[in-house]
Amino acid sequence: MRGVFAPDAALHMCHPFGDLTGPDALWNTCIGPLHAAMPDLECRDMIMLAGTNPEGRDWIGSMGDNYMGTFVAPFMDITPTGHLTHMRYHEFYQIENGKISSMQAIWDMPELMMQSGAWPMAPQLGKFLCTPSPLSSDGLNVSGYGQATMDHVIGMLTALCKYPSDPNPCDHGAEKVLAPTFQRVRACRYRYYAWHFRVPQLAPNSNPSRYAVLLLPAIIGLFIHADLSDSIN
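Residues numbered from 1 in each chain as written. Predicted model: local features only at pLDDT ≥ 70, side-chain atom pairs only at ≥ 80, totals over all residues. Heavy atoms only, no water.

(A) Highlighting the overall build of the chain. Looking only at helices and strands, the chain has 6 helices and 6 strands in total. Ordered by position in the sequence, the α and β elements of the chain form the string β-β-α-β-β-β-β-α-α-α-α-α. Across the 233 residues in the chain, those meeting the buried criterion constitute 27%. Partitioning the contacts of the chain with sequence separation of at least 6, the portion at a separation of at least 24 is 50%. Counting only carbon and sulfur atoms, one obtains 61% of the accessible surface of the chain, whose full area is about 15,400 Å². (Helix = DSSP H or I, 4+ residues; strand = E, 2+ residues; numbered from the N terminus. Buried < 20%, exposed > 50% of the residue type's maximum accessible area, 1.4 Å probe, protein only. Contact = heavy atoms within 4.5 Å. Areas by Shrake-Rupley, 256 points an atom, 1.4 Å probe, with all protein chains shown as cover.)

Put into structure tokens, the structure is as follows:
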């Protein structure tokens, strides 16, 4: 780490680590404790990108499939499970004079907490699972200038900024950034939540049947399965 990081590298980690300076601080605060908690720790990169940003700075970005290892000792007061554990991450490194001068990283600490049975927030709506890497297992290779991709991503972020002032996801331009199948899944999901939560609020005396509410996700699932099957075929 001392060979690739500048001694005064500015390291911006997520909570609870905060901002650090230099490779020794990164090791002592983050990497070392994680390795002590998972002695067989592996870092499995899924997507790596490198290039120069509009400000003229050189960056390398790594989106991790997962940090993975056997969770045998506490990490940041999270109780070990004794089992294989995974934690998603992204890490971005600014390169100057052949050294890492800056780092920005997010480790999915709540994911570790969920696997340990300690979840301090409201229940999540989606399914929790280990994010798979590309089937070829050789990562994602890209080339070119990248301006079109950057414009596409900025467009997605701009649309997301409409929330919460405009909470209707159907107004956020999904047709411009999502494949048709995912647009249908998204629309079905929103209509279900709109019917389940918003209609009773607008018309308190017209609450849907409890049994209908339980059956609706299964019905939607059948339509989604048919859409995906048609796409695959």
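(B) Up close: the nonpolar core. Core analysis: the largest hydrophobic core is formed by 26 residues, its most contacted members being Phe5, Met13, Phe17, Phe75, Met103 and Trp107. Discounting chain neighbours no more than four positions away, the residues touching Trp107 are Met13, Cys14, Phe17, Cys30, Ile31, Leu34, Tyr67, Phe75, Met87, Arg88, Tyr89 and Glu91. (Core = buried A, V, L, I, M, F, W, Y, C linked by side-chain atoms within 4.5 Å.)

(C) Expanded view of the pairing of strand β1 (residues 5-12). Of the pairings in the sheet, the one linking β1 to strand β6 (residues 99-107) comprises 4 bridges and is parallel in character. Among the inter-strand pairings, Phe5 is bridged to a residue of β6, identified as Ile100. Here β1 hands over to strand β2 (residues 19-21) after 6 residues, with Gly18 in that stretch at a positive phi of 80 degrees. (Pairing = 2+ DSSP bridges.)

(D) Layout of the pairing of strand β3 (residues 42-52). Bridge analysis of β3 against strand β4 (residues 58-70) gives 10 bridges, and the strand direction is antiparallel. Residue pairing in the sheet places Asp45 in a bridge with Gly64 of β4.

(E) Just helix α2 (residues 109-116), in detail. Within α2, burial applies to Met109, Glu111 and Leu112. Along the long axis of α2, the arc covered by the buried residues comes to 160 degrees, so they all point the same way. Two residues or fewer past α2, Gly117 is found with a positive phi of approximately 80 degrees. (Arc of directions from axis to C-beta.)

(F) Layout of unusual backbone geometry. Of note, the bond from His15 into Pro16 is cis; its omega dihedral lies within 30 degrees of zero at 10 degrees. For Pro16, the location among the structural elements is in the loop between β1 and β2. Even without glycine at this site, Asp77 takes up a positive phi of about 65 degrees. Looking at the secondary structure, you find Asp77 in the loop between β4 and β5 (84-96). Despite not being glycine, Asn97 shows a phi value in the positive range, around 55 degrees. Within the secondary structure, Asn97 sits in the loop between β5 and β6. According to the relative accessible area criterion, Asn97 is exposed, its value standing at 83%.

(G) Molecular detail of the environment of Pro54. Here Pro54 shows up in the loop between β3 and β4. Residue class for Pro54 comes out exposed when judged on its relative accessible area of 63%. Placed 93 residues apart in sequence, Pro54 and Gln147 show a C-alpha to C-alpha distance of 9.5 Å.

(H) Representation of a nonpolar patch on the surface within the structure. A surface patch of nonpolar side chains, amounting to about 440 Å² of accessible area, comprises Met150, Val153, Ile154, Leu157 and Leu160. By secondary structure assignment, the location of Leu157 is in helix α3 (residues 147-160). Overall, Leu157 belongs to the partly exposed group, its relative accessible area being 44%. (Patch = residues over 30% accessible without salt bridge, like charges linked within 9 Å, V, L, I, M, F, W, Y side chains within 5 Å. Salt bridge = Lys/Arg side-chain N within 4 Å of Asp/Glu carboxyl O.)

(I) Up close: the environment of Thr70. Topologically, Thr70 is positioned in strand β4. For the pair Thr70 and Pro80, spaced 10 residues apart in sequence, the C-alpha separation works out to 8.8 Å. Those residues within four positions of Thr70 in sequence are excluded, and the remaining contacts are Ala37, Met38, Pro39, Asp40, Gly82, His83 and Leu84.

(J) Inspection of the sheet that holds β6 at higher detail. Reading across from one edge, β2-β1-β6-β5-β4-β3 is the order of the 6 strands in this open sheet, with mixed pairing throughout. This sheet does not close on itself; its edge strands, each paired only once, are β2 and β3. Strand-to-strand twist across the sheet, computed as the mean angle between neighbouring axes with direction ignored, equals 15 degrees. Its contacts with the sheet place helix α1 (residues 22-37) against β1, β2, β4, β5 and β6, and it is angled at close to 65 degrees to β1. (Axes fitted to C-alpha atoms, helices over the stretch in contact; angles between N-to-C directions.)

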